[in-house]
There are 2 protein chains.
Amino acid sequence: MSIGESHRALRDEVADQLRSWILDGTLEPGSRLGEGAISERMGVSRLPVREAFRRLEAEGLVQTAPRRGVRVAVFDQEELATIQEVRLALELIAVRKTAERRDSETMNELERVLLAGSQAAEAGDQSALKRLNGDFHELLAGGTGSRVLVALLRSVRNQAHHLVGGLVTSPEDSWSEHARVIRAVLDADAEMAALLMRRHLHDRHESQRATLTP
Amino acid sequence: MSIGESHRALRDEVADQLRSWILDGTLEPGSRLGEGAISERMGVSRLPVREAFRRLEAEGLVQTAPRRGVRVAVFDQEELATIQEVRLALELIAVRKTAERRDSETMNELERVLLAGSQAAEAGDQSALKRLNGDFHELLAGGTGSRVLVALLRSVRNQAHHLVGGLVTSPEDSWSEHARVIRAVLDADAEMAALLMRRHLHDRHESQRATLTP
DNA sequence: CTCACTTATTCTGGATACAATATCCGCCAT
DNA sequence: ATGGCGGATATTGTATCCAGAATAAGTGAG
């Protein structure tokens, strides 16, 4: 099999695949990841798998015990609360900075997402809304112009996602809150955008706590 | 040479060595890190070096271009400002959480550091102060009980350190501010501790900006 | 002499084989 | 049952090997 034209590095491919498997629950928290099994299942040698492990380890998605292999990260309640708190702080920094910079490309993208989102909401297109909700967060991170912040947010968001198991909020509810944030950013109202974002994430956090501690 | 009894994984050793070389300026920003050269210089094979690269990459200390190797990360002014902002937010979360949890082991360690620090300050022992200043930040991160936050802070702190080149603040000045924060934490005054920490980091940030933009 | 093009070397990315070692699991004896 | 012993398994690390890409070196033309 030819490696093809401009194939990405295999470690990236492997890392992405593992990440999505972890996030969508195919790999349950605490389950063990044997490098042999992974490499066999994905048809690559063990070398890229090990490199992918190191990356996921640094991203906090997996935990490594020396000589005992790698397993999907499992967090306790307190750790999850901390992650939420950190995520909130970082998202606020990001949305403020994006609203202040008003990078033209990001603004155009946000307008596009806003339009597509309201159409999808009317049509009741759940999967489109889910994707747009993802775009929303990516755009707000990217709009800061900071590669570091983008990486940190993605990492923390993954770990936060890790906790929800099944998402509690419907894509429609999420979208209406997102739309308000986007409008504030487009209006260059950084403080309003931050406030709306804070409420957005805080509500979500609360509803999760409620379901987790009955 | 025998690998010995309970030696840490070589990738950790390599990553630590590279990290300190980057942080102390032995490896200048933008300089290239050939995996062959590193493995030769450190007397290990290329594999642990590559694993270490992936970790440092995720920590943001190095940047990787496909097929073009890895080089020490170089950040522009705006990125550095963002990193400082993120670090401030995370340190505040950490110091508050530590002051609220009051983990007994951490409190004991903080008392020890406080005592040793005041002695070192009197004796004018610069290197001891420098080490204690490092312990200070590690303890505040560890006191949160959150592995994730510890990892994030270490990463962000490394990248912030990355910018200073030569540190501007003397260990003594740093220490006096640190000591005040420790006392506030020991007094369970989370808000006071956070306020002192904010001022501590903010001052440092300002003095750096002053030296960088003459 | 400078610039572009071609060639050669180096380096990354990946695969594979092999050794060493630590952990895990089952079996056996008490 | 329980505790210890020994083999099976997995991780970790080394050594080679190869393909492909990037940089460096060299060469020729204008």
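First things first, this report covers the structure right here in the doc. Bear in mind that the values here come from a model prediction, so they are computed numbers and not experimental data.

## Examining the relation of the copies chain B and chain A
Stage number 1. Take chain B, turn it by 180°, move it 0.1 Å along the axis, and it overlays chain A with an RMSD of 0.3 Å. The transformation just described matches what one would write down for a two-fold rotation axis.
Stage number 2. A high fraction, 100%, of the interface residues of chain B reappear at the interface in chain A, so the copies pair face to face through one surface.

## Description of the packing of helix H5 (residues 104-123) of chain B against helix H6 (residues 126-142) of chain B
Residue and element names in this part refer to chain B.
Stage number 1. Direction vectors running N to C along H5 and H6 enclose 160°, while the axes themselves pass 10 Å from each other. On the basis of their axis angle, the class for H5 and H6 is roughly antiparallel. Of the two possible hands of crossing, H5 and H6 adopt the one that is left-handed. Contacts between H5 and H6 involve Thr106, Glu109, Leu110, Arg112, Val113, Ala116, Gly117, Ala120 and Ala121 on the former and, on the latter, Ala128, Leu129, Leu132, Asp135, Leu139 and Leu140.

## What about the sheet that holds strand E1 (residues 32-33) of chain B?
All names here are of chain B.
Stage number 1. Taking strand neighbours across the sheet as the criterion, the 3 strands line up as E1-E3-E2 in an open arrangement whose pairing is antiparallel. Of all the strands in the sheet, just E1 and strand E2 (62-64) have a single pairing partner and so form its edges.
Stage number 2. With 3 bridges connecting them, E2 and strand E3 (residues 70-72) associate as antiparallel partners. Paired with Gln63 across the strands is Arg71, a residue of E3.

## Re the interface of chain B and chain A
Stage number 1. Between chain B and chain A, the residue contacts involve 31 residues of the former and 31 residues of the latter.
Stage number 2. Together, the buried faces of chain B and chain A total about 2800 Å²; carbon and sulfur atoms form 56% of this surface.
Stage number 3. In this assembly, chain B and chain A are joined by 10 salt bridges.
Stage number 4. A salt bridge links Glu51 of chain A to Arg50 of chain B; the shortest N-O distance between them is 3.6 Å.

## Describing the protein's contact with DNA strand D
Stage number 1. Around DNA strand D sit 18 residues in total, of which Glu35, Arg46 and Arg67 of chain A together with Leu10 and Ser45 of chain B are the nearest.
Stage number 2. The sugar-phosphate backbone supplies 72% of the atoms of DNA strand D found within 4 Å of the protein.
Stage number 3. The backbone of Glu35 of chain A places a nitrogen or oxygen atom 3.4 Å from a phosphate oxygen of DNA strand D.
Stage number 4. Taking Arg67 of chain A, its side chain carries an N or O atom lying 2.4 Å from a base oxygen of DNA strand D.
Stage number 5. Among the elements that line the surface near DNA strand D, the one with the most residues is helix H3 (residues 46-59) of chain A, at 3 residues.

## Comments concerning the pairing of strand E3 (residues 69-72) of chain A
All names here are of chain A.
Stage number 1. Residues Val70 and Val72 line the buried face of E3, whereas the alternating positions Gly69 and Arg71 sit on a face that is not buried.
Stage number 2. Both strand E1 (residues 32-33) and E3 contribute to a ladder of 2 bridges, which runs antiparallel. Each bridged residue has a counterpart across the sheet, and for Leu33 the counterpart in E3 is Val70.
Stage number 3. Across 4 bridges, strand E2 (residues 62-65) lies against E3 in antiparallel orientation. The residue of E3 that forms the bridge with Gln63 is Arg71.
Stage number 4. Between E2 and E3, which pair antiparallel in sequence order, lie 3 residues; one of them, Arg67, sits at a positive phi of approximately 60°.

## Quick look at the nonpolar core
Note on soluble globular proteins: their nonpolar side chains tend to be buried together.
Stage number 1. The biggest cluster of nonpolar side chains holds 34 residues, and the ones touching the most others in it are Val86 and Leu90 of chain A together with Val86 and Leu90 of chain B.
Stage number 2. Sequence-distant contacts of Val86 of chain B, defined by excluding residues within four places in its chain, comprise Leu90, Ile93, Leu149 and Leu152 of chain A together with Val156 of chain B.
Stage number 3. Counting residues in hydrophobic clusters, the runner-up holds 28 residues, among them Leu92, Leu139, Ile182 and Leu201 of chain A.

## Some remarks on the sheet that holds E3 of chain A
Residues and elements named next belong to chain A.
Stage number 1. The strand order across the open sheet built from 3 strands is E1-E3-E2, with neighbouring strands paired in antiparallel fashion. Lying at the two open borders of the sheet, with one neighbouring strand each, are E1 and E2.
Stage number 2. Taken strand by strand, H3 contacts E1, E2 and E3, and its axis lies near 110° from that of E2.

Conventions we followed
- Residues numbered from 1 in each chain as written.
- Chains lettered and ligands numbered in written order.
- Predicted model: local features only at pLDDT ≥ 70, side-chain atom pairs only at ≥ 80, totals over all residues.
- Heavy atoms only, no water.
- Least-squares fit on C-alpha atoms with pLDDT ≥ 70 in both.
- Contact = heavy atoms within 4.5 Å.
- Axes fitted to C-alpha atoms, helices over the stretch in contact; angles between N-to-C directions.
- Helix = DSSP H or I, 4+ residues; strand = E, 2+ residues; numbered from the N terminus.
- Parallel < 35°, antiparallel > 145°, perpendicular 65-115°, else oblique.
- Left-handed = near helix turned anticlockwise from the far one by under 90°.
- Pairing = 2+ DSSP bridges.
- Buried area = accessible area lost by both parts, 1.4 Å probe.
- Salt bridge = Lys/Arg side-chain N within 4 Å of Asp/Glu carboxyl O.
- Near = heavy atom within 4 Å.
- Polar contact = N/O pair within 3.5 Å; in protein donor to acceptor, adjacent residues only side chain to side chain.
- Buried < 20%, exposed > 50% of the residue type's maximum accessible area, 1.4 Å probe, protein only.
- Core = buried A, V, L, I, M, F, W, Y, C linked by side-chain atoms within 4.5 Å.

By themselves, these observations are geometric and do not establish any function.
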